[in-house]
Amino acid sequence: MSATPAPLLPEDEPERLRSLRANEVLPTLIEPVFEEFVALTAQVFSLPISLIAVVEEDDVYYPANHGMPGNDQQPRVEALCSTAVQQSRAVVYHDLLLETAALTPEAVRAAEGNELRFYAGALLRLPNQPPLGTLCIIDRQPRTLSEAEQQLLEQLAALVSQAIAVRVTCLGQPTLGVEQWETVRAQLQEELRELTALVRYLFTRHGVQVPVPAELLTQVSRRLSDIKMLLDEHRCA
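Residues numbered from 1 in each chain as written. Predicted model: local features only at pLDDT ≥ 70, side-chain atom pairs only at ≥ 80, totals over all residues. Heavy atoms only, no water.

Draft legend 1. Quick peek at the pairing of strand β6 (residues 131-139). Where burial is concerned, most of β6 is hidden: nine out of the nine residues are buried. Taken together, the six bridges between strand β1 (residues 49-55) and β6 define a ladder with antiparallel strand orientation. Bridging from a neighbouring strand, Ile49 pairs with Ile138 of β6. Sheet topology note: the strand β5 (residues 118-125)/β6 ladder contains eight bridges and is antiparallel. Each residue of the ladder has a partner; that of Leu124, found in β6, is Gly133. (Buried < 20%, exposed > 50% of the residue type's maximum accessible area, 1.4 Å probe, protein only. Helix = DSSP H or I, 4+ residues; strand = E, 2+ residues; numbered from the N terminus. Pairing = 2+ DSSP bridges.)

So this is what it looks like as structure tokens:
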């Protein structure tokens, strides 16, 4: 029996856990390419922390982690990502000290203990499957998040989800699947590194602004669309 309180569990929890385990999502996310995703995400929003969170039965795991070394997992009842999965939608907490009503007491204490003030998480999910976790951004001070910024976070989360799906499909093939995935992975990592370098250059040139200027978000979104095309070409079907 799960130790997680019932109010934190979505209605499709059994199906969600079956999908998570059948597709071996946690082993998939240990690949370095997903570290590239969180590094890019932190860079885009000029925030110190970005994580990929996988919400398991009683714990939340962070297989890709930028900015919180040693934070590999925590009880689900303490994790901010749990609320996104429970509600099956993206969530934003602009100031965690003021927006405690939607959180468990354990999550409030954990956020205070880690000195976290801002959190935004967009859902990760495989096609036609329940949410498996989130791509999230975190700050140690309150922060606004514009509608355009939230849309970009969800675009990034959709790309992470697509990369997971491509890997799962490739490695499920009896022949040539591993080779196909290695080709995709190498190209994807190169694209992510180039985009991270571009964002770093743009912030160096124009300075860090909050919210992130629309012009920069548009440039990033266009490059992300190119990365989506790359993944579309390598469905490994």
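Draft legend 2. Fine view of the packing of aromatic side chains. Counted by the stated rule, this structure contains two aromatic pairs. Where Tyr93 meets Tyr119, the ring centres are 6.2 Å apart and the plane angle is 35°; that geometry is what we call tilted. Of this pair, Tyr93 sits in strand β4 (residues 91-93) while Tyr119 is found in strand β5, placing the two residues 26 residues apart along the sequence. Here Tyr93 falls in the buried class, since its relative accessible area comes to 5%. Since its relative accessible area comes to 1%, Tyr119 is described here as buried. The positively charged end of Arg143 is found above the aromatic ring belonging to Phe118, 5.9 Å away from the centroid. (Phe/Tyr/Trp six-rings, centres within 6.5 Å; stacked < 30°, edge-to-face > 60°. Lys NZ or Arg CZ within 6 Å of the ring centre and 35° of its normal.)

Draft legend 3. Up close: the environment of Asp95. Mapped onto the fold, Asp95 is located in the loop between β4 and α5 (105-113). Between the C-alpha atom of Asp95 and that of Gln43, which follows or precedes it by 52 residues, the distance is 21 Å. Not counting residues within four places of it along the chain, the set of residues in contact with Asp95 comprises Arg117 and Pro142. (Contact = heavy atoms within 4.5 Å.)

Draft legend 4. Summary view of helix α8 (residues 214-233). Over its 20 residues, α8 extends 29 Å from the first C-alpha to the last, a length consistent with the 28 Å expected when each residue adds 1.5 Å. The set of residues buried in α8 consists of Leu216, Leu217, Val220, Leu224, Ile227, Leu230 and Leu231. One face of α8 carries all of its buried residues, which in axial projection span an arc of 125°. For α8, the exposed residues set more than 90 degrees away from the buried face come down to Glu215, Arg222 and Glu233. For α8, the secondary structure elements touched by its buried residues are α3 (32-44), α6 (147-171) and α7 (177-206). (Expected span 1.5 Å × (residues − 1). Arc of directions from axis to C-beta.)

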